[in-house]
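Single-letter residue listing:
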Amino acid sequence: MPPTPEPAETRTRRLLAWLGAALLAGGMPVHEVEDDVRAAGSALGRGAVQVACSPTGILLALGPGEPSTFEAVEGGLRLDQLADATALHAGLCTGTLSADEALARLSTLRAQPHRYALVGLFAGAVASGVGIALVLVPSWPSVLFAGLLAPLTMLLLVLAGRSPTVRTLMPFLAAFVVAVAAFAAAGQGLVDAPLWTLVPPIAVMLPGAAIVTGLTELAAGSMVAGTSRLAHGTSQMLLFALGVGAAIVLLRVPGEDLLPTRVVDLGWWAPLLGVVVVTIAISLLESVPVSLVPWLLLTVLATYLAQWLGVSLTDALWVGAFLGATAASLVSTVVEFVRPQLPRAVAFLPSFWLLVPGSLGLVSVTGLELDPDRAVGAVVGVTIIVVAIALGVVVGASLARPLRAVARGVGLVALLRLRPGRRRRPGTVAEVRSAGEDRA
């Protein structure tokens, strides 16, 4: 007896739920995902779609009173997979992609293998540590320290993808191990400013992007998603700070090594070189095609220069954060317009690595744990910076919205040339990001 064909309503509902879950797994804010799902539903002839998203799932019905479906977000997607999901959305909205073909491609989305496999992961981890050290603490000892310790944190990320226990304890373990190494090296006179030196090796894990995205969602009216993402990011930050505090107690670190001072031994070229190295790191970790790396670099570089300009002109970190976030939103939209293979969300998310809300937050929260009276002002300052970043994201997205609408109608043929699904290799970034979901 032949199987009963799936009703069209069920297929459409499943397609939209899978699409929304993929966009959420890529780190997009929930209000943007809800808008995108409604737009795809309208293109499929379902103009009354009702959808509610959270960072961990999507609930969807094709209309009031109709059956609904829930799709959980199981781990994160790499940037190349997010680009493919965005391309599928564009194809559905323009009618150049059928529902059956979109379902088939979504079913194999997570199976796409990492371009650079485990070698790329660890090479990207080293490049990430070195690049962020060049930006945050440009001195050769700190850069060398970051390059040596970064593979260890990547090993923890890989193990966390396979062990729930390691996944839960990972922020504490990573911060503790790196902090012990940093304070021990400082005690031997090998590095200066250990509190800042310990940040680059674990920067890839810090939840700064989650905190800023939560604030952005709150500003857009997504109260439940924004609050939950803020709570998650804050709890993760506290676990990192607890790991640093445990290392301080274990080693009996003297007070002079706990001052939040930054060492700048290298010239003006160091942060610019760091931006290039960080872009290479993002490309290796997130499986970004080589042809798109220059465009990714353009967005990251514009973010850094806008941030630097704001700080230089006003001597206020929050102004630099606001301008950097605004530039990231605008430039990523321009990049999508010129190069449709690189969607705005994919070009925009790496900018958080340069805005470093997580790095500033870890140093401030650690100070609060050790000396509350002295650190309260620092925590307030970091809070203002994070709010400024969120405001810049909102302003930049508002200014770029008309251009984004045009960009989504350009180059769809190129966008839809997706790789067919293949068998996933063990230890890919899809596993790693599901273990340490921050960014998004």
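Residues numbered from 1 in each chain as written. Predicted model: local features only at pLDDT ≥ 70, side-chain atom pairs only at ≥ 80, totals over all residues. Heavy atoms only, no water.

A. Representation of the overall build of the chain within the structure. A count of helices and strands for the chain gives 20 helices and 3 strands. Every one of the 440 residues in the chain was classed for burial, and the buried ones make up 55%. Taken as a whole, the chain presents about 17800 Å² of accessible surface, with 67% of it coming from carbon and sulfur. (Helix = DSSP H or I, 4+ residues; strand = E, 2+ residues; numbered from the N terminus. Buried < 20%, exposed > 50% of the residue type's maximum accessible area, 1.4 Å probe, protein only. Areas by Shrake-Rupley, 256 points an atom, 1.4 Å probe, with all protein chains shown as cover.)

B. Here's a closer look at the sheet that holds strand 1 (residues 50-54). One open sheet accounts for 3 strands, arranged 1-2-3; its pairing is antiparallel. Every other strand in the sheet has two partners, leaving strand 1 and strand 3 (68-72) as the edge strands with one partner each. Within this sheet the neighbouring strands show an average axis-to-axis angle of 10°, counted without direction. Where strand 2 (residues 57-61) lies against strand 3, 5 bridges are found, and the strand directions are antiparallel. Residue pairing in the sheet places Leu 60 in a bridge with Thr 69 of strand 3. Against the sheet, helix 2 (residues 30-43) contacts strand 1 and strand 2, and its axis sits at roughly 150° relative to strand 1. (Pairing = 2+ DSSP bridges. Axes fitted to C-alpha atoms, helices over the stretch in contact; angles between N-to-C directions. Contact = heavy atoms within 4.5 Å.)

C. Layout of the confidence of the model for the chain. This prediction gives the chain a mean pLDDT of 78; 81% of its residues lie at or above 70. In the model of the chain, helix 20 (residues 429-435) stands out as the element of lowest mean pLDDT, 39, in contrast to strand 2, which has the highest, 92. Confidence drops under a pLDDT of 50 for residues 411-440, and excluding neighbours within four residues, the segment shows 97 contacts in the predicted structure. (pLDDT = per-residue confidence, 0-100.)

D. Looking closely at helix 7 (residues 164-187). Between its first and last C-alpha, helix 7 extends 34 Å over 24 residues, near the 34 Å set by a 1.5 Å rise per residue. The sharpest bend along helix 7 comes to roughly 65°, located at Met 170, with the proline Pro 171 sitting one to four residues further on. Met 170, Pro 171, Ala 174, Ala 175, Val 178, Ala 179, Ala 182, Phe 183, Ala 185 and Ala 186 are the residues of helix 7 that are buried. Directly beyond the C-terminal end of helix 7, a positive phi value near 75° is found at Gly 189. (Expected span 1.5 Å × (residues − 1). Bend = angle between axes of the 7 residues up to and from the residue.)

E. Focus on the pattern of salt bridges. Per the stated rule, a full pass over the model turns up 7 salt bridges. The salt bridge involving Asp 35 is made with Arg 38; its shortest N-O contact spans 3.4 Å. One end of the pair, Asp 35, and the other, Arg 38, are both in helix 2, 3 residues apart, so they sit about a helical turn from each other. Taking relative accessible area as the criterion, Asp 35 reaches 47% and is therefore assigned partly exposed. Classification of Arg 38 as partly exposed rests on a relative accessible area of 33%. Here Arg 105 makes a salt bridge to Glu 101, at a shortest N to O gap of 2.7 Å. Here Arg 105 pairs with Glu 101, and both are found in helix 4 (residues 99-107), just 4 residues apart, close to one helical turn. Judged by relative accessible area, which is 23%, Arg 105 ranks as partly exposed. Each member of the salt-bridge network shares a partner with another, and the members are Arg 78, Asp 80 and Arg 115. (Salt bridge = Lys/Arg side-chain N within 4 Å of Asp/Glu carboxyl O.)

F. Spotlight on the side chain of Ser 139. Tracing the backbone through its elements, the reader meets Ser 139 in the loop between helix 5 (117-136) and helix 6 (140-160). Contacts of Ser 139, omitting those with residues within four sequence positions, involve Val 263, Asp 265 and Leu 266.

G. The arrangement of the packing of helix 5 against helix 6 in detail. Contact pair helix 5 / helix 6: the axes reach a minimum separation of 8 Å and the direction vectors enclose 145°. Between helix 5 and helix 6 the crossing geometry is right-handed. Residues Leu 121, Phe 122, Ala 125, Val 126, Gly 129, Val 130, Ala 133 and Leu 134 of helix 5 form the contact with helix 6, whose participating residues are Ser 142, Val 143, Ala 146, Gly 147, Ala 150, Pro 151, Met 154 and Leu 155. A per-class count over the contact of helix 5 with helix 6 returns 13 nonpolar, 3 polar and no charged. (Left-handed = near helix turned anticlockwise from the far one by under 90°. Nonpolar A, V, L, I, M, F, W, Y, C, P; charged D, E, K, R; others polar.)

H. How the structure looks around helix 12 (residues 269-285). For helix 12, spanning 17 residues, the distance from its first C-alpha to its last is 24 Å, which sits close to the expected 24 Å at 1.5 Å a residue. For helix 12, the buried fraction is high: 12 of the 17 residues fall into the buried class. Every buried residue of helix 12 is accounted for by Ala 270, Pro 271, Gly 274, Val 275, Val 277, Val 278, Thr 279, Ala 281, Ile 282, Ser 283, Leu 284 and Leu 285. Where helix 12 terminates, the next one or two residues include Ser 287, which has phi positive at roughly 60°.

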